[in-house]
Amino acid sequence: MNTESFASRHIGPRGENIKEMLNDVGVESLGQLIYETIPDDIKLTEKLNLPSPLTEFEFSNHIQSLALKNKVFKSYIGLGYHQAILPAVIQRNVFENPGWYTAYTPYQAEIAQGRLEALLNFQTMVSDLTGMELANASLLDESTAAAEAMTLLFAVRSREQKKNKVVKFFVGENVLPQTLALLETRAEPLDVELVVGSYDKFDFDESYFGALVQYSGKYGEVYDFEEFTKKAKDNQIKVAVAADLLSLVLLEAPGKWGVDVVVGTTQRFGIPLGYGGPHAAYFATKEEYKRNIPGRIIGVTKDMDDNTSLRMALQTREQHIKRDKATSNICTAQVLLAVMAGMYAVYHGPKGLKYIASQIHKKTVSLAEGIEKLGFFQVNDLYFDTILVKADAEKIKALAERKGINFFYPDAESISISLNETTSIDDVNEILSLFEEISEKEIEAIKELKDGIIDHSQLKRESEFLTHDVFNSYHSETELMRYIKRLERKDLALNHSMISLGSCTMKLNAASEMLPLSNPQWGNIHPFVPKNQALGYQEILKNLEDYLTEITGFSATSLQPNSGAQGEYAGLMVIRAYHKSRNESHRDICLVPSSAHGTNPASAVMAGMKVVVVKATDQGNIDIDDLTAKAEKHSDNLAALMVTYPSTHGVFESDIRKITALIHEHGGQVYMDGANMNAQVGLTSPGRIGADVCHLNLHKTFAIPHGGGGPGVGPICVAKQLAPFLPNNPLIETGGTEAISSISAAPFGSAFVCLISYAYIRMLGEEGLRESTEYAILNANYIQARLKGHYKTLYSGEKGRAAHEMIIDCRDFKDFGIEVKDIAKRLIDYGFHSPTVSFPVAGTMMIEPTESESKAELDRFCDAMISIKQEIEQCDKNEPSNVLKNAPHTIAMLTAETWEFDYSRQTAAFPLPFVAENKFWPATRRVDEAYGDRNLTCTCAPMEAYL
Ligand SMILES: *Cc1c(COP(=O)(O)O)cnc(C)c1O
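Residues numbered from 1 in each chain as written. Predicted model: local features only at pLDDT ≥ 70, side-chain atom pairs only at ≥ 80, totals over all residues. Heavy atoms only, no water.

In the nomenclature of an unreviewed UniProt entry, the chain corresponds to Glycine dehydrogenase (decarboxylating) from the organism Psychroflexus sediminis. According to the UniProt record, the Cofactor (unreviewed entry) comment for the chain reads "pyridoxal 5'-phosphate". Quoted verbatim from the Sequence similarities (unreviewed entry) field of UniProt, the annotation for the chain is "Belongs to the GcvP family." (UniProt positions renumbered as here; feature names shortened; annotations may be inferred.)

Chemist: Can you help me understand unusual backbone geometry in this one?
Modeler: Most peptide bonds take the trans form, and the phi angle of most residues other than glycine is negative. Each neighbour pair has its own omega, and for Tyr645 with Pro646 the value is -15 degrees, a cis peptide bond. Here Pro646 is to be found in the loop between strand S19 (638–644) and helix H22 (656–665). Cis geometry is adopted by the peptide bond preceding Pro711, which originates at Gly710 and carries an omega value of 15 degrees. Among the secondary structure elements, Pro711 is positioned in the loop between strand S21 (693–696) and strand S22 (716–718). Phi is positive for Ser138, close to 115 degrees, though the residue is something other than glycine. Along the chain, Ser138 turns up in the loop between strand S2 (134–135) and helix H8 (142–160). By relative accessible area, which is 0% here, Ser138 ends up buried. One non-glycine residue with positive phi stands out, namely Glu440, at about 55 degrees. Tracing the chain through its elements places Glu440 in the loop between helix H14 (425–439) and helix H15 (477–488). According to the relative accessible area criterion, Glu440 is exposed, its value standing at 73%. (Helix = DSSP H or I, 4+ residues; strand = E, 2+ residues; numbered from the N terminus. Buried < 20%, exposed > 50% of the residue type's maximum accessible area, 1.4 Å probe, protein only.)

Chemist: Which parts of the structure should I look at to understand the sheet that holds strand S11 (residues 377–378)?
Modeler: Pairing between sheet strands relies on hydrogen bonds along the backbone, with the strands arranged either parallel or antiparallel. The antiparallel open sheet is built from four strands, whose spatial order is S11-S12-S15-S14. Either end of the sheet is taken by a strand with one partner, and the two such strands are S11 and strand S14 (408–411). Two elements, S11 and strand S12 (residues 386–390), share two bridges in a ladder whose sense is antiparallel. Bridging across to S12, Gln378 finds its partner in Val389. Sitting on the sheet, helix H12 (residues 335–373) is in contact with S11, S12 and strand S15 (414–418), with an inclination near 10 degrees to S12. (Pairing = 2+ DSSP bridges. Contact = heavy atoms within 4.5 Å. Axes fitted to C-alpha atoms, helices over the stretch in contact; angles between N-to-C directions.)

Chemist: Can you help me understand the site of the ligand in this one?
Modeler: With respect to spatial proximity, 14 residues lie near the ligand, and among them Thr332, Ser503, Asp673, His699 and Lys700 are the closest. A distance of 2.5 Å separates an oxygen atom of the ligand from a polar side-chain atom of Ser503. Here an oxygen atom of the ligand sits 2.7 Å away from a polar atom, N or O, in the side chain of His699. The element best represented in the shell around the ligand is helix H19 (residues 564–581), accounting for three residues. Taken together, the residues that form the shell around the ligand break down as three nonpolar, eight polar and three charged. (Near = heavy atom within 4 Å. Polar contact = N/O pair within 3.5 Å; in protein donor to acceptor, adjacent residues only side chain to side chain. Nonpolar A, V, L, I, M, F, W, Y, C, P; charged D, E, K, R; others polar.)

Chemist: Would you explain the sheet that holds strand S16 (residues 556–558) in this entry?
Modeler: Taking strand neighbours across the sheet as the criterion, the seven strands line up as S16-S22-S21-S20-S19-S17-S18 in an open arrangement whose pairing is mixed. Pairing within the sheet leaves two strands with one partner each, and these edge strands are S16 and strand S18 (610–614). For this sheet, the mean angle separating the axes of adjacent strands, direction not counted, is 25 degrees.

Chemist: What exactly am I supposed to notice about the UniProt feature "modified residue: N6-(pyridoxal phosphate)lysine" (unreviewed entry) in the chain here?
Modeler: Here the UniProt feature "modified residue: N6-(pyridoxal phosphate)lysine" (unreviewed entry) sits at Lys700. The topology assignment puts Lys700 in the loop between S21 and S22. If we ignore the near neighbours within four places in the chain, the residues touching Lys700 are Tyr104, Ser503, Cys504, Thr505, Lys507, Ala675 and His706.

Chemist: I tried to follow the UniProt feature "domain: Glycine cleavage system P-protein N-terminal" (unreviewed entry) in the chain on my own but got confused; where do I start?
Modeler: UniProt's entry tags residues 9–435 and 471–727 with the feature "domain: Glycine cleavage system P-protein N-terminal" (unreviewed entry), counted in the numbering of this structure. The distance from the first to the last C-alpha atom of residues 471–727 is 41 Å, and the span holds 34% helix and 13% strand.

Chemist: Is there a simple way to explain the pattern of salt bridges in this structure?
Modeler: Pairing between side chains becomes possible if they bear opposite charge and their charged atoms approach one another. Counting across every chain of the model gives 44 salt bridges. Lys542 is the salt-bridge partner of Asp546, the closest N and O atoms lying 2.8 Å from each other. Taken together, the residues span about one helical turn, with Asp546 and Lys542 both in helix H18 (residues 535–552) at a distance of four residues. Lys542 gets classed as partly exposed once you look at its relative accessible area, which sits at 45%. Here the salt bridges share partners, and the residues they tie into one network are Glu20, Arg786, Lys855, Asp859 and Asp863. (Salt bridge = Lys/Arg side-chain N within 4 Å of Asp/Glu carboxyl O.)

Chemist: Could you clarify how one ought to interpret helix H3 (residues 30–37) in this entry?
Modeler: Within an α-helix, residues lying three or four positions from one another point in the same direction, as the helix has 3.6 residues per turn. When we look at burial in H3, the residues that qualify are Leu30, Leu33, Ile34, Glu36 and Thr37. For H3, the arc enclosing every buried residue in end-on projection is 165 degrees, short of the 170-degree limit, so these residues lie on one face. Tucked inside the fold, the buried residues of H3 contact helix H2 (15–25) and helix H24 (751–787). (Arc of directions from axis to C-beta.)

Chemist: Explain a negative patch on the surface here, please?
Modeler: Together, Asp392, Glu394, Asp411 and Glu413 line one region of the surface with negative charge. As for its position among the elements, Glu413 is in the loop between S14 and S15. (Patch = residues over 30% accessible without salt bridge, like charges linked within 9 Å, V, L, I, M, F, W, Y side chains within 5 Å. Areas by Shrake-Rupley, 256 points an atom, 1.4 Å probe, with all protein chains shown as cover. Lys, Arg positive; Asp, Glu negative; His and termini not counted. Charge placed at Lys NZ, Arg CZ, Asp CG, Glu CD.)

Chemist: Could you clarify how one ought to interpret the packing of aromatic side chains in this entry?
Modeler: Think of a pair of aromatic rings as described by two things: how far the centres are apart, and how the planes are tilted against each other in angle. For the coordinates displayed, the defined rule picks out 40 aromatic pairs. Taking the centre distance of 5.7 Å and the plane angle of 40 degrees together, the rings of Tyr104 and Tyr107 count as tilted. We classify Tyr104 as buried; its relative accessible area is 4%. Using a relative accessible area of 36% as the deciding quantity, one classes Tyr107 as partly exposed. Judged by centre distance (6.1 Å) and plane angle (15 degrees), the rings of Tyr547 and Tyr758 are stacked. Highlighted residues: Tyr547 in helix H18 and Tyr758 in helix H24, separated in sequence by 211 residues. Judged by its relative accessible area of 8%, Tyr547 falls in the buried class. Judged by relative accessible area, which is 1%, Tyr758 ranks as buried. Each member of the aromatic cluster is reached from another via a ring pair, and the members are Phe170, Tyr199, Phe202, Phe204, Tyr208, Tyr215, Tyr223, Phe225, Phe228 and Trp257. Stacked on the ring of Tyr569, the Lys or Arg Arg186 has its end atom at 5.4 Å from the ring centre. (Phe/Tyr/Trp six-rings, centres within 6.5 Å; stacked < 30°, edge-to-face > 60°. Lys NZ or Arg CZ within 6 Å of the ring centre and 35° of its normal.)

Chemist: Even after reading the chapter, I still don't get the pairing of S19, so can you show me in this structure?
Modeler: For a regular strand, the rule is simple: side chains alternate between the two faces of the sheet. For S19, a buried count of seven out of seven residues is recorded, marking the element as mostly surrounded by other parts of the structure. Sheet topology note: the strand S17 (residues 589–593)/S19 ladder contains three bridges and is parallel. Within S19, the residue paired with Leu591 across the bridge is Leu641. Here S19 pairs with strand S20 (residues 669–674) via five bridges, running parallel. Note on S20: the bridge partner recorded for Leu641 is Val670. In this region the chain leaves S19, passes through H22 and returns to the parallel neighbour S20; the handedness of that crossover is right-handed. (Right-handed = clockwise from strand over helix to strand, strands pointing away.)

Now the structure itself:
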């Protein structure tokens, strides 16, 4: 074995262990297991054509040489992206720390109190600065947030006024171009009519349901929308504002005007530009819309001992419950980036933020005055950080680029200049020198900054913000370092033990894959720089697209969608455009199996399709009879089938090729949800099974860490007939020849983290990727074998094999009074994160170990599960208190004066010998979900509330 190969680090099982595992599974070889697992007619006949693997050392040299192909200019482009300073203490202790970046969405609140608190800080920061009652825990990007605002207002208004449908949405002409593009994408299938215009000429006509305006407009002008909001409200028009969050430190909060939604990005709160993302967008609104808010909301509740604790609130409004009635398809969001942005506010506090914002503002005013002195016309009356100068753009551009400077040039006579946190007085003078050169005049260099102009305007911020203790306590590095550590210790991430969340693929996120993200040559590239400044990125993104195209057996790839669910939406919009191009726009039926992930029906509805549910058989497969009947019934209008493969039940359905052929016969396209691609790579492919388009979750199969619930990347890979329709971007050329408009704000989505998947593929190569799939399947089947006789596996393939995950049935335990949730909580006492609970079947657990776990870890997990099974059998359904119902057990319970339970403290906290070596103490007892929903609090409550 080549011990230097990355595959030997990435894949868990080794040597002798593998033989034992195969033996327990009951096969002679890995080959035999794969033979028995994957149907013959879908196996790949040729090896994937990918470059040969690099060692970790070779890769680090390779990526460095590519990094040097990027030219890091000073970018004053603005348009929603500004270079910022990531405080080193946050970079090292959060961004580069697996304790933070390898965690999953906080499904198990008791072992996620750290990131829940960090997200509550984020929500508090957003709601304070925007002046709104409620904020969510991040969205994918500013433009997506704006589109979500439009759909929320549309849904709310349609509900309020059932009759004469009001469909027009006003968009201020100063809205960012990428936001307008997204609104166009989203509006079309909903039959919403966008009208773009100047806000001060808007006639408040009753045919509008809502409006979106930008506060600092795209070229920097700040308008007062108070009157506008008032008039809109008088005419039942709801108002959304896209606002620059940092500017709100100085400018009055839009909440003051009574607007309905405020959205924007928190990128400039310390997050690297990363060529477009990932960054955390924010979404803030009124309490009355709480059931319609997209994404996750963190809320305060109490635990079994009445202590304050946190969890995700109002789960019932999410797509996984509401499915085709959902108002949004957001699942993965931008948790890690939200945590970082929140920490930035914690570190700087209100005074620090005021200082940063005032400095930027004063430098901008000084620059404007200098430029005016040189005789140029500066257009903006009131501005925060951006000025618009009338001058010969071509001349300025040539001079600027020679000096390594980017501005934005709206037209031949205009230059838009946005300053940021990194801009120094020297930088301001450097910019002035360019204007001196073309004006052939000189002025004295700026030594002292001018006063700001916002302070003398009626938009000066009067309201207080970030008054809570958390924003006023950790301003030294020692204090913040310890605060971050204190939170981190409350969370169970992959650096503690395996997280076997089915469908989520919690594999290794290797350090060598992550390291390049710390390099400013990758971090400091603005998404709208000319492509020739981002040649390193262009090479990686192009190659990554090609690799993914090869792996899926398709013809082209778009990296733009920034989550799996956005991929679903993108794929369906591409299918929609395809049908339209063939004059078949009437095709709008989307068949979705009953077992599908909740985002599938939600995405279909967003894409303007009607969902028709297809039944599953008792074995968990698609019911072919039902599918045939529905395909025939809707033959004339069939748009697509959405199918997950292997199925969400963890089975390679052997009829899959029949299924895809049937859909094609009826004129539909096949969308494959690629969340389970970890069971396919190198062995079969979406192309091979006859699908037409799929998304991949790079944050599942291709090693991007989950970051506690984001970032993600959800590229779509498509067959030849769909390639022309891949999405574009209004500023940077990308996408197909007949491209649909944008799916996400940045031209290449979350390009920054694509480096991780690129690294993963380059270091594994064809063989390593294929082996990863094989070992993922072995590990799952090994767990199935070990749990046999203790737990019932719900479904398996024809030869009794699991795919890369399996479902165990826990419904029978109600005879002992035990629910699946009790098992999830009891696993915490053993030091494990629960598998996925009640998806896709209520009352079950879905276990996915991934290839990265060793036999030793799998054994510990199985020992824990088996031990829990024995505990269940001791339970009596008439006895409300037992070791499962009281789980998880905290150290406070264990060390309390009294111990009132009829099992020992030892049993409670150290049920198996291995537990003591690596004990994880939950920060809270079991949380009360319902209490928090009844008493919704989604910001850091005043301190009295905690007493
Ligand atoms: C994770 C998942 C999705 C959604 O992907 P996100 O990246 O969270 O948006 C869709 N379908 C299935 C089966 C999944 O497991």
